[in-house]
Amino acid sequence: MRVAERCLLDTVLQADTQTALLATDVWCFTARYGTAELCLHHVLLVAQLVKAYTTECYQAVHLGLLLKRMVFLMTPNHQMELVERFPPSEVGNLPVWRHVLLRALSRDARHRVETDVIGLSQNALTDWQNGGYKLGEVDQVNTVLLSLLAVVRVQSSPEEHCVSAVRIITQLWSRMSPDQVQTHPVLQCTLQLLLSISAMLVKNTEPQVICQALLCVDTVVSQTCADQLLLAALEFLSSLGKIFVPADSQNQILPKLSRLFGLLLADGSWLLHQHALEAFSHFAEITNHEEVISHSLCVEDTKAKVVNYLSKSVNAREDVASRLQRLKMETEVIEQHNERLENNKGNASDKPAAEASEPCPKRARQESSAEEEYSRHIQTAESALKALQALTESNASAPPPQWLEPRLQELQTLITHISTDRHTT
């Protein structure tokens with residue numbers, strides 16, 4: 001590595017964001033006004049570094065931003081060479097492609113990346129299915145979902161790619177249990193990705209899939225969860241304004257949608273509240289279901305805040321003492337965040353030594369794999385029965401199908417047999 005590249009790289013990897021952005025500008029300037037071969041050399045170098053960072057840290061973010069900007073400066077032939085050097089069909093190369101804006105690629109390169117990522121996503125889902133939907137393998141599914149999200153954000157994707165992506169998320173939504181999402185953080189990450197992907201594909205998503213998504217969102221909103229998950233939920237809720245819900249599904253979807261908007265609009269966090277106002281106003285502008293708007297604003301305080309937001313008015317000016325207190329709280333949050341970023345690199349370097357001296361946690365948990373299987377199946381059954389109960393209660397005016405009662409009796413008999421077998425063994 002030459003002296004200039006080493007200096008630029010050291011600066012990009014600094015913790016100070018403004019300094020890193022300045023170095024990124026200088027590096028892009030060098031690539032823009034140098035030769036095409038020099039630009040290719042720099043992109044391949046940065047892509048290799050991005051691939052080497054396996055943990056989330058500020059260095060990976062800075063390098064990802066640099067890679068995202070430099071891909072725009074490449075020639076079409078060199079973009080195809082980048083695809084050949086880091087094929088998206090390999091899981092190890094996905095960290096590279098999740099940082100690339102696919103609209104920056106030529107048509108041939110973009111089609112190759114989209115095809116490979118969708119194929120890899122389907123294979124990962126099939127492997128998870130064949131493995132019995134084990135919780136320990138969800139991380140691998142999340143890895144490919146991150147890259148699938150980058151693919152679906154391209155509005156000009158071919159129709160077959162959209163159909164394949166919808167098929168993938170439909171299969172995943174069918175496995176999402178609200179109770180399990182509430183218990184396992186890794187599934188909350190899956191839910192966050194599914195919500196963001198579904199927001200882009202909402203026009204092609206079936207009503208029953210949307211209903212399942214709203215059930216999961218309702219579960220996490222009612223408890224303390226990560227802000228990123230709530231922001232993804234708002235993105236999904238806002239996108240529902242693009243569709244017209246069929247009449248036979250309105251009773252299941254629209255009341256949940258109104259309730260969720262009402263809860264998120266009343267959130268105490270100023271950041272989430274601002275995003276909720278933006279999402280709700282976007283939904284209100286494009287939706288055909290105006291009853292959702294009125295039902296979401298049943299609380300007068302919430303209604304007043306929405307009206308003030310739309311009219312761009314301010315109720316009262318913040319006094320000096322309140323402003324000082326707010327700034328202190330925000331400064332504390334920012335300092336804690338920066339401290340975590342600083343410690344990430346150290347924790348990542350210590351991880352191999354810890355793994356060498358301690359047994360793998362996943363290996364120890366294999367002893368209770370049977371218990372996990374019992375828990376997973378019983379939670380799935382419980383979730384399905386609750387959904388069936390909600391369906392019958394929401395359609396109280398219409399009689400259920402004639403085959404429903406015999407099937408329920410068969411299930412009761414099956415449950416009795418399971419209980420009997422457990423007592424006799």
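Here, the structure is the one placed above.
In every chain, residue numbers begin from 1 and rise along the written sequence. Given that the model is predicted, a residue must reach a pLDDT of at least 70 before its local features are reported, and side-chain atom pairs must reach 80 or more before they are shown or counted; all residues, however, enter totals for whole chains, interfaces and linings. Note that the side-chain values use all heavy atoms of the structure and ignore hydrogens as well as water.

## Thoughts on empty space enclosed by the protein
And then number 1: A 1.4 Å probe that fits but cannot get out identifies a cavity on a 1 Å grid over protein atoms alone, an open set with protein on both sides within 12 Å along at least five of seven lines counts as a pocket, and a residue lines either if it has an atom within 4 Å of a point. Grid points are joined across faces, edges and corners, and a volume is the space filled by probe spheres set on the points. One pass over the structure, following the stated rule, counts two cavities of 30 Å³ or more.
And then number 2: Each pocket or cavity is described by its volume, and for the second largest cavity that value is around 40 Å³.
And then number 3: Taken together, I210, L240, I243, V245, I253, L254, L257, F283 and H289 form the lining of the second largest cavity.
And then number 4: In this classification, Asp, Glu, Lys and Arg are treated as charged, Ala, Val, Leu, Ile, Met, Phe, Trp, Tyr, Cys and Pro as nonpolar, and every other residue, Gly included, as polar. Per-class residue counts for the lining of the second largest cavity are eight nonpolar, one polar and no charged.

## As for the packing of aromatic side chains
And then number 1: A pair of aromatic rings is counted whenever rings of Phe, Tyr or Trp (Trp by its six-membered ring) have centres within 6.5 Å, and the orientation is called stacked for planes under 30 degrees apart, edge-to-face for over 60 and tilted otherwise. For the structure on display, the rule yields four aromatic pairs.
And then number 2: Between the aromatic rings of W128 and Y133, the centroid separation amounts to 5.0 Å while the plane-to-plane angle is 85°, which identifies the pairing as edge-to-face.
And then number 3: Here F261 and F280 contribute two aromatic rings whose centre-to-centre distance is 5.2 Å and whose plane-to-plane angle is 75°, an arrangement assigned as edge-to-face. A residue pair is termed long-range when its members are at least 10 positions apart, and F261 in helix α14 (residues 250–265) and F280 in helix α15 (residues 270–286) qualify at 19 residues.
And then number 4: Ring pairing ties together the aromatic residues F261, F280 and F283, which thus form one cluster.
And then number 5: Ring-over charges, as used throughout, are those where CZ of Arg or NZ of Lys falls within 6 Å of the ring centre and within 35 degrees of the ring normal. Above the plane of the ring of Y33 lies R32, whose end atom (NZ or CZ) is 5.0 Å from the centre. Helix and strand labels come from DSSP, where a helix needs a run of H or I of at least four residues and a strand needs a run of E of at least two; each type is numbered from the N terminus.

## Some points on the nonpolar core
And then number 1: W173 and L240 are the most contacted members of the largest nonpolar core, which totals 98 residues.
And then number 2: Broken down by element, the residue count for this core peaks at nine residues, all from helix α12 (residues 207–221). Definition of nonpolar core: a set of buried residues of the types Ala, Val, Leu, Ile, Met, Phe, Trp, Tyr and Cys, connected through side-chain atoms within 4.5 Å. Relative accessible area decides the class of each residue, using a 1.4 Å probe on protein chains only: under 20% of the type maximum gives buried, over 50% gives exposed, and in between gives partly exposed.

## Some remarks on helix α11 (residues 185–200)
And then number 1: Here α11 spans 24 Å end to end across 16 residues, near enough to the 22 Å set by a 1.5 Å rise per residue.
And then number 2: Taken together, the buried positions of α11 are L187, Q188, T190, L191, L193, L194, L195, S196, I197, S198 and A199.
And then number 3: Here the buried face of α11 lies against α8 (138–152), α9 (159–173), α10 (178–183), α12 and α13 (227–239). A helix is expected to span 1.5 Å for every residue after the first. Any two residues whose heavy atoms approach within 4.5 Å are treated as being in contact.

## Some points on the pattern of salt bridges
And then number 1: A pair is scored as a salt bridge if a Lys or Arg side-chain nitrogen falls within 4 Å of a carboxyl oxygen belonging to Asp or Glu. Evaluation of the coordinates by the stated rule reveals nine salt bridges.
And then number 2: Note that R69 and D25 form a salt bridge whose closest N and O atoms lie 2.7 Å from each other. On the criterion of sequence distance, the pair formed by R69 in helix α4 (residues 58–71) and D25 in helix α2 (residues 17–33) is long-range, its members being 44 residues apart.
And then number 3: One salt bridge connects E235 with R153, and the closest N-O pair in it is separated by 3.7 Å. One end of the pair, E235, is in helix α13; the other, R153, is in the loop between α8 and α9, with 82 residues separating them in the sequence.
And then number 4: For E235, a relative accessible area of 27% puts it in the partly exposed group.

## Looking at unusual backbone geometry
And then number 1: In the Ramachandran plot, Y133 falls in the positive-phi region, its phi being about 50° despite a non-glycine side chain.
And then number 2: Within the secondary structure, Y133 sits in the loop between α7 (107–130) and α8.

## A few points about the environment of E278
And then number 1: Tracing the backbone through its elements, the reader meets E278 in helix α15.
And then number 2: Using a relative accessible area of 37% as the deciding quantity, one classes E278 as partly exposed.
And then number 3: Each C-alpha atom, one on E278 and one on L310, is 9.3 Å from the other, the two residues being 32 residues apart in sequence.

## What to know about helix α5 (residues 76–85)
And then number 1: The complete set of buried residues in α5 reads H78, Q79, L82 and V83. Angular distribution of buried residues about the axis of α5 spans 155°; they occupy a single face of the element. Structural note: α5 exposes N77 and E84 on the side pointing more than 90 degrees away from its buried face.
And then number 2: In this fold, the buried residues of α5 make contact with α3 (36–52), α4, α6 (94–97) and α7. The directions from the helix axis to the C-beta atoms are what the arc is built from.

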